[in-house]
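# Inside the fold
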Amino acid sequence: RKEVEQDPGPFNVPEGATVAFNCTYSNSASQSFFWYRQDCRKEPKLLMSVYSSGNEDGRFTAQLNRASQYISLLIRDSKLSDSATYLCVVKSSGYSSASKIIFGSGTRLSIRP
Amino acid sequence: DTAVSQTPKYLVTQMGNDKSIKCEQNLGHDTMYWYKQDSKKFLKIMFSYNNKELIINETVPNRFSPKSPDKAHLNLHINSLELGDSAVYFCASSPTSYEQFFGPGTRLTVL
């Protein structure tokens, strides 16, 4: 089993739709969770951190389920500009620079007009 | 102002050559990283470097060696390049172990 797994997609949804991705992780000691966004031929950029209580940033909502070891990202009212690859990131420790950082392989999202 | 910069952006070279990729950050971060993203888009950490502490990913061949002349720079030197080294290499920096700021990437092609 991979340490961090994501559905590679692609998810092809119409503008205005709601779309959700999940990401599962295998290390129960994982402490920090993030969603990054990567546009084609560009570098990854932080979209949002994922907190235990769940968090929302505009149209984006992130959730963490420690019992089932997954995180999710929900995008509401999707825009054409949301088309990108979404990377799940899991870290095994919250503070150490030597903590293990694992990126998921990414979920590709394509929004159609 | 560019926060994390890398040079060159593209690098095409022959098998067996030695090459370097440079990375600089002007964010004052203590931690810098090198990542490799292969053709399947897997992004894997190669090294992290924090205040002169180098953390080596054991899966990285010893042909790869990071060099940090100072806190703002972390260069990547690759000896005896192989076809399988072709990938996009990203440098990143971080103020803590949270958000990482990535450079624009260096696309390495080994012929």
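Scroll up a little and you will see the structure.
Quick caveat: nothing in here was measured; it's all calculated off a predicted structure.

Residues and elements named next belong to chain A. Along the polypeptide, Glu5 turns up in strand S1 (residues 4-6). Relative accessible area serves as the criterion here: at 34%, Glu5 is assigned to the partly exposed category. Taking the C-alpha atoms as reference points, Glu5 and Phe103, 98 residues apart in sequence, are found 8.9 Å from one another. In this structure, Glu5 is in contact with Asn22, Cys23 and Thr24, ignoring residues within four places of it in sequence.

Here we come to the interface of chain B and chain A. Often, the extent of an interface is quoted as the loss of accessible area upon association of its parts. Of the residues lining the interface, 21 residues belong to chain B; the matching set on chain A comes to 21 residues. Regarding the contact of chain B and chain A, the summed buried area is about 1800 Å², with carbon and sulfur atoms giving 54% of it. At the junction of chain B with chain A, the criterion picks out 0 salt bridges. Seen at the junction of chain B and chain A, the total is 2 residue pairs in polar contact (both at pLDDT 80 or more). When contributions to the side of chain B that touches chain A are tallied by element, the ones reaching two or more residues are strand S4 (31-37), strand S5 (43-50) and strand S6 (53-56) of chain B. Grouping the amino acids of the side of chain B that touches chain A by side-chain chemistry returns 10 nonpolar, 7 polar and 4 charged.

Time to look at the side chain of Asn75 of chain B. Residue and element names in this part refer to chain B. Tracing the backbone through its elements, the reader meets Asn75 in strand S8 (residues 73-78). A distance of 3.2 Å separates a polar atom in the side chain of Asn75 from the backbone nitrogen of Cys23. Dropping the residues within four chain positions of it, Asn75 is found in contact with Ile21, Lys22, Cys23, Trp34, Ser65, Pro66, Lys67 and Pro69.

Definitions and limits used
- Residues numbered from 1 in each chain as written.
- Chains lettered and ligands numbered in written order.
- Predicted model: local features only at pLDDT ≥ 70, side-chain atom pairs only at ≥ 80, totals over all residues.
- Heavy atoms only, no water.
- Helix = DSSP H or I, 4+ residues; strand = E, 2+ residues; numbered from the N terminus.
- Buried < 20%, exposed > 50% of the residue type's maximum accessible area, 1.4 Å probe, protein only.
- Contact = heavy atoms within 4.5 Å.
- Buried area = accessible area lost by both parts, 1.4 Å probe.
- Salt bridge = Lys/Arg side-chain N within 4 Å of Asp/Glu carboxyl O.
- Polar contact = N/O pair within 3.5 Å; in protein donor to acceptor, adjacent residues only side chain to side chain.
- Nonpolar A, V, L, I, M, F, W, Y, C, P; charged D, E, K, R; others polar.

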